[in-house]
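# Descriptive analysis of the structure
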Number of protein chains: 2
Amino acid sequence: MSLTGYPPQDLLLRKDFLIKVEVFKKKIINLTKKKNTIFALSIPLLKNDVIVNALLLIQSGEIIYSIQKKILPNYGVFDEKRYFSSIKDKTQYFNYKNKKIEFLICEDMWTNDFIHKKKIKLDLIIVINASPFEIGKFKLRKSHASKRAKYFNSSLVYVNLVGSQDDLIFDGGSFVMNQLGKVVIQEKFFEESEMSFIYDSKIKKRQIMKFNKYENLYRALMLGLKNYMFKNDFRLAHLGLSGGVDSALTLAILADTIDSKNIYSFYLPSKYSSNDSKKDAEMLSNNLGIKTSEISIEILRNTILKQLNPIFKNYKEDVTEENIQSRLRGLILMALSNKLNSLLITTGNKSELAVGYSTLYGDMCGGYSLLKDVYKTDVFELCRWRNKNVLNDFKVKRNNIIPEKILTKEPSAELKYDQKDSDFLPPYDILDKILAYLIDENRDIKFIMKKGFAKNDVIKIWKMIKSSEFKRYQSAIGPKVSKMSLSQDRRFPITNRFDL
Amino acid sequence: MSLTGYPPQDLLLRKDFLIKVEVFKKKIINLTKKKNTIFALSIPLLKNDVIVNALLLIQSGEIIYSIQKKILPNYGVFDEKRYFSSIKDKTQYFNYKNKKIEFLICEDMWTNDFIHKKKIKLDLIIVINASPFEIGKFKLRKSHASKRAKYFNSSLVYVNLVGSQDDLIFDGGSFVMNQLGKVVIQEKFFEESEMSFIYDSKIKKRQIMKFNKYENLYRALMLGLKNYMFKNDFRLAHLGLSGGVDSALTLAILADTIDSKNIYSFYLPSKYSSNDSKKDAEMLSNNLGIKTSEISIEILRNTILKQLNPIFKNYKEDVTEENIQSRLRGLILMALSNKLNSLLITTGNKSELAVGYSTLYGDMCGGYSLLKDVYKTDVFELCRWRNKNVLNDFKVKRNNIIPEKILTKEPSAELKYDQKDSDFLPPYDILDKILAYLIDENRDIKFIMKKGFAKNDVIKIWKMIKSSEFKRYQSAIGPKVSKMSLSQDRRFPITNRFDL
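Since the model is a prediction, treat every value here as computed from it, not as a measurement.

### A word on the overall build of chain A
- The secondary structure content of chain A amounts to 14 helices and 16 strands.
- Compactness check: chain A gives a C-alpha radius of gyration of 26 Å against a globular reference of 23 Å for 500 residues, within 12% of the reference.
- Each of the three principal axes of chain A carries a C-alpha extent, and together these read 85 × 50 × 45 Å.
- Counted over contacts in chain A with a minimum sequence separation of 6, partners at least 24 positions apart contribute 67%.

Pasting the structure below:
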């Protein structure tokens, strides 16, 4: 889908979209006239009233070879059977200068069906991919590639998209593998790169960089943010800074990704905000070289409570008063978004969103939810990693940017006095593990109890997950970085009476 | 899926869910012991590591016959290939007392593949369905059923679910058809009903009621609302009343569906609200017997503008100031939702939502978006229909409930002086037709221009549709009543550079 972007979703169901693809296909074919280089073009094609995901090899103004994607993923974030058909394809290998070359499109490599194929010797396998980033997925890619390379005693070139589309991040990291299934050339992750190599059975192994989980995660979030802003015409971004760890990490990533002059940050205290929070927020902004403006919500909070008093006086104080503060902040930040034409980045993390520990139309306001797929414990780890590391492409060139106090104080929403997240939630190290079992792995209660967690905790958390489904339904888009993000990966009904 | 509800979505991917289904399957089988009646049970079944959508016939403690759904819809709102496998099923017809009976599950009937089958004589075709309601769909159902009945020279029983799950409404309307493809028994729509009939080749045609598009639509919305509230444990509902037609219709449907003592209505004026709006809102509440409380947003609006003045004074007045009003109303209505434990019904219509003529976190606030799939022109028609009609199951027993002035005045959001929707949008009769072509039918610009619409209007509207995708992404759930609702029916990327 190099011409259309991936995934084009229901654009594929529009005839005018497919016609436009056809127009550009012809233009590209024309451009190859009088050229000898083979151009590989991957596009959706209308064939006998169905759409196929095709790869065309074009040379000297002619399509000299074509294949179609055979395996259409329809799980996780993928809905390919909604759009594409896979026709039983008896295409022979592409023969080029007496070499046998097999082309595969993405998911075609993620199957073991080849073991039923005749074990012939191939010279080269080329896999083209728009493979969404997930922590830990690169290992899987290599493992699938390696099995195939060894089975066919063939070199393998794995080419992956770099960039992002809505919630999906494509991390690049294209590689060349030898017949023994070992990576011999490894291209860059999270940035475009060009490579040429001479095909040779004696390809020498070049140096391969080491990976760190949090480095990858940090860079993935940067890439997702950058692409979303650029492709949706946002030059400016802003957020509400609370003095807590989520907004601290969000601002750090923002500051590493775009020019500081294009970032606004706002501190919006009420009478419940602690002095420490203010100091922590200030220190962070100073470290990042970003000005933080203060707009108090206290007068507004009082005015609203006065206005609602005729009704509210008959009821006890409850979560309503807390949500009002959060929603006032959302209102102000959205007014700033409108006025400054700036993208509001919402700072909630995956743990909060999973259990509904966030206010709809309050702290959930925003056009992009940067940490949507990052559990709270990983938010802390990312901060610690960033404090120790500065990479070449970071705009902020110093380390220790996130004040230690932000990382060590007890998390609190500061919506009433002496409030702590732990009044309401199990400790995050326990919560996140249970969430990973319940959400990322869809495990049952027996399994989770066997891992040493309390039955009551698991049941309580499942109920919170269920009863906050309506909030997630209305949550902002944010980058997928795990194997189970809280977006199209996970499709649960709001109306759900299933108990563990 | 009579045991699980439909669609269970990703619950199907949980092993504990499937195990629970198995437990209840066994309980039901036990209940049939010592009974001669055949019980038809439709459930998901795990078979060789894949899930099938199965129908079991159970008698005297034994499964005496079973089939599986063959055609798995993966378009529109359906994602069945995400969950189910369809195994090539060579099941014979069910033979009962020397009669040949064929069972089909929902989509199995919506295909013409039978014309490749041997044209044998069947005695009865039984189709079990959870077929989502859409305006005009009943005709299609009958047409598919009729073709099959005639081909196999067989009677046909079409059984459809009644109720609602999240955004899908199931309208019932089960029927019996004779061998000539004519409906001879027609059961009720939008309510449960029980029927018994003696199978006889000379079934006499019973009286069949007539349908009216707006009656169906009105009752569908009532059913969706009622089910959503009941299944999600809401006894109370409330809304913001503006004096406009959308909130008027929403309140009318609410008042016809649930007890008036469980409905709250709020009028939230600013200095831009006209006296007429107030009068119209009052007259409407009186007609419906619902008390409307007034909470002015004017002081709040001034306080916020004062608070933001240090920043805003450097910018021109723009849509920001309008959105602030809408968001203050949202904030108050959500505070009331929290405090009263009441479901906020958001009142926006499909035309607004399609072009983004609504404020995210403002008038879009709410847990259920009743008119989400109803174009503005249909909102007017529904009001006119309701003014003339009172059905048995309406809680409000009078007609002419919506003041004529609400139906004749020019639509306005009243967010500044002398504002009219038509300042910003083409007239609704033109807008809605263009939207229906662009959204419901995915037509290209040439086609729409041939229908007599101006090129500039079409291009402008397409741009508005595209640039408001992010708002719809965060919009509340609401009932699907057309063939293309703005929810899972239509999956467009937010990041979208496709121009017409």
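### Quick word on the environment of G181(B)
- Looking at the element boundaries, G181(B) is found in the loop between β10 (175-177) and β11 (183-186).
- Considering only alpha carbons, one finds G181(B) and S143(B), 38 residues apart in sequence, at a separation of 8.4 Å.

### Considerations on the packing of helix α6 (residues 298-312) of chain A against helix α6 (residues 298-312) of chain B
- Where α6(A) contacts α6(B), the two axes come as close as 10 Å, and the packing angle between them is 180°. Classified by the angle their axes make, α6(A) and α6(B) are roughly antiparallel. In this structure, α6(A) contributes I299(A), L300(A), T303(A), I304(A) and Q307(A) to the contact, and α6(B) contributes I299(B), L300(B), T303(B), I304(B) and Q307(B).
- In terms of residue class, the contact of α6(A) with α6(B) is made up of six nonpolar, four polar and no charged.

### Observations concerning the relation of the copies chain A and chain B
- The transform that puts chain A on chain B rotates by 180° and translates by 0.0 Å along the axis, for an RMSD of 0.0 Å. Given the turn and translation reported, the copies of this chain are related as if by a two-fold rotation axis. For chain A, the smallest separation between a C-alpha atom and the rotation axis is recorded for Q474(A), amounting to 2.1 Å.
- Residue by residue, 98% of the interface of chain A is reproduced at the interface of chain B, so both copies engage with the same surface.

### Concerning the sheet that holds strand β6 (residues 124-129) of chain A
Residue and element names in this part refer to chain A.
- Taken in spatial order, the six strands of this open sheet run β4-β5-β6-β7-β10-β11, and their pairing is mixed. Strand pairing shows two members of the sheet lacking a second neighbour, β4 (94-96) and β11 (183-186), which therefore form its edges. In this sheet, neighbouring strand axes are inclined to one another by 20° on average, regardless of whether the strands run parallel or antiparallel.
- Direction of pairing for strand β7 (residues 155-160) relative to strand β10 (residues 175-177): antiparallel, over a ladder of three bridges. Bridge pairing links L156 to M177 in β10.
- Contacting β6, β7, β10 and β11, helix α2 (residues 137-151) crosses the sheet at an angle of about 150° to β7.

### Notes on the interface of chain A and chain B
- Opposite the 59 residues of chain A that make contact, chain B presents 58 residues.
- If you list the elements that add at least two residues to the side of chain A that touches chain B, you get α1 (15-31), α3 (213-231), α6, α7 (319-340) and α14 (469-473) of chain A.
- It is α7(A) that contributes the most residues to the side of chain A that touches chain B, 12 residues altogether.
- Across the side of chain A that touches chain B, the residue classes break down as 30 nonpolar, 15 polar and 14 charged.

### A word on the pairing of β11(A)
Residues and elements named next belong to chain A.
- Sheet analysis places β10 next to β11, joined by three bridges and oriented antiparallel. Across the sheet, M177 pairs through a bridge with V183, a residue of β11.
- Between β10 and β11, which pair antiparallel in sequence order, lie five residues; one of them, G181, sits at a positive phi of approximately 80°.

### Concerning α7(A)
All names here are of chain A.
- A rise of 1.5 Å per residue sets the reference length of α7, with its 22 residues, at 32 Å; its end C-alpha atoms lie 31 Å apart and thus fit the reference within 8%.
- The buried fraction of α7 is high, at 18 of 22 residues.
- Once α7 finishes, N341 follows within two positions and takes phi at roughly 55°, a positive value.

### Observations concerning the sheet that holds strand β1 (residues 39-47) of chain B
Residues and elements named next belong to chain B.
- If you trace the three strands from one edge of the open sheet to the other, you get β1-β2-β3, paired in antiparallel fashion. Unpaired on one side and paired on the other, β1 and β3 (62-68) mark the two borders of the sheet. The sheet shows a mean angle of 35° between the axes of neighbouring strands, taken without regard to direction.
- Looking at chain direction, strand β2 (residues 50-59) and β3 are connected through six bridges and run antiparallel. Along β3, the bridge assignment pairs A54 with Q68.
- The sheet strands contacting helix α1 (residues 15-31) are β1 and β2, and the helix crosses β1 at an angle near 145°.

### Remarks on the domain arrangement of chain A
Residues and elements named next belong to chain A.
- Assigned domains of chain A: these are domain 1 (1-91), domain 2 (93-211) and domain 3 (215-473).
- Computed over C-alpha atoms only, the centres of domain 2 and domain 3 are separated by 38 Å.
- Elements supplying a minimum of two residues to the side of domain 2 that touches domain 3: β8 (162-165) and β9 (168-171).
- Considered class by class, the residues forming the side of domain 2 that touches domain 3 number six nonpolar, two polar and one charged.

### Section: the environment of E298(A)
- On the secondary structure map, E298(A) appears in helix α6.
- Residues E298(A) and K271(A), spaced 27 residues apart in sequence, show a C-alpha to C-alpha distance of 6.4 Å.

### Observations regarding the environment of R497(B)
- Within the element layout of this structure, R497(B) appears in the segment after α14 (469-473).
- C-beta crowding within 10 Å serves as the criterion here: with 10 such atoms nearby, R497(B) is assigned to the exposed category.

### Quick look at the nonpolar core
- The biggest cluster of nonpolar side chains holds 185 residues, and the ones touching the most others in it are L251(A) and L251(B).
- If sequence neighbours within four positions are ignored, L251(A) has contacts with L239(A), L241(A), S265(A), L284(A), L288(A) and I290(A).

### A closer look at the pairing of strand β7 (residues 155-160) of chain B
- Of the strand pairs in this sheet, strand β6 (residues 124-129) of chain B and β7(B) are connected by six bridges, and their pairing is parallel. Within β7(B), the position partnered with I128(B) by the bridge is V159(B).

### What about unusual backbone geometry?
Residues and elements named next belong to chain A.
- Note the cis peptide between Y6 and P7, where omega equals -5°.
- Here P7 is to be found in the segment before α1.
- Phi is positive for N48, which is not a glycine, with a value near 45°.
- Among the secondary structure elements, N48 is positioned in the loop between β1 (39-47) and β2 (50-59).
- In this structure N48 comes out as exposed when scored by C-beta crowding, with 7 C-beta atoms within 10 Å.
- Here E414, not a glycine, exhibits a phi torsion of approximately 50°, which is positive.
- If you trace the backbone, E414 turns up in the loop between α10 (404-408) and α11 (428-440).

### Some remarks on helix α13 (residues 455-467) of chain A
All names here are of chain A.
- The end-to-end C-alpha distance of α13, which contains 13 residues, comes to 18 Å, matching closely the 18 Å that a straight helix rising 1.5 Å per residue would cover.
- Those residues of α13 that sit buried are V458, I461, W462 and I465. Summarising the axial view, the buried residues of α13 lie within an arc of 105°, below the 170-degree limit, and thus occupy one face.

### So, the confidence of the model for chain A
- Averaged over every residue, the pLDDT of chain A is 94; the share at 70 or more is 98%.
- With a pTM of 0.96, the predicted complex shows an ipTM of 0.96.

Scoring rules and cut-offs
Residues numbered from 1 in each chain as written. Chains lettered and ligands numbered in written order. Predicted model: local features only at pLDDT ≥ 70, side-chain atom pairs only at ≥ 80, totals over all residues. Helix = DSSP H or I, 4+ residues; strand = E, 2+ residues; numbered from the N terminus. Rg over C-alpha atoms; globule rule 2.2 N^0.38 Å. Contact = placed C-beta atoms within 7 Å. Axes fitted to C-alpha atoms, helices over the stretch in contact; angles between N-to-C directions. Parallel < 35°, antiparallel > 145°, perpendicular 65-115°, else oblique. Nonpolar A, V, L, I, M, F, W, Y, C, P; charged D, E, K, R; others polar. Least-squares fit on C-alpha atoms with pLDDT ≥ 70 in both. Pairing = 2+ DSSP bridges. Expected span 1.5 Å × (residues − 1). Buried ≥ 20, exposed ≤ 12 C-beta atoms within 10 Å, placed from the backbone. Domains from an automatic or database assignment. Core = buried A, V, L, I, M, F, W, Y, C linked by C-beta atoms within 7 Å. Arc of directions from axis to C-beta. pLDDT = per-residue confidence, 0-100.

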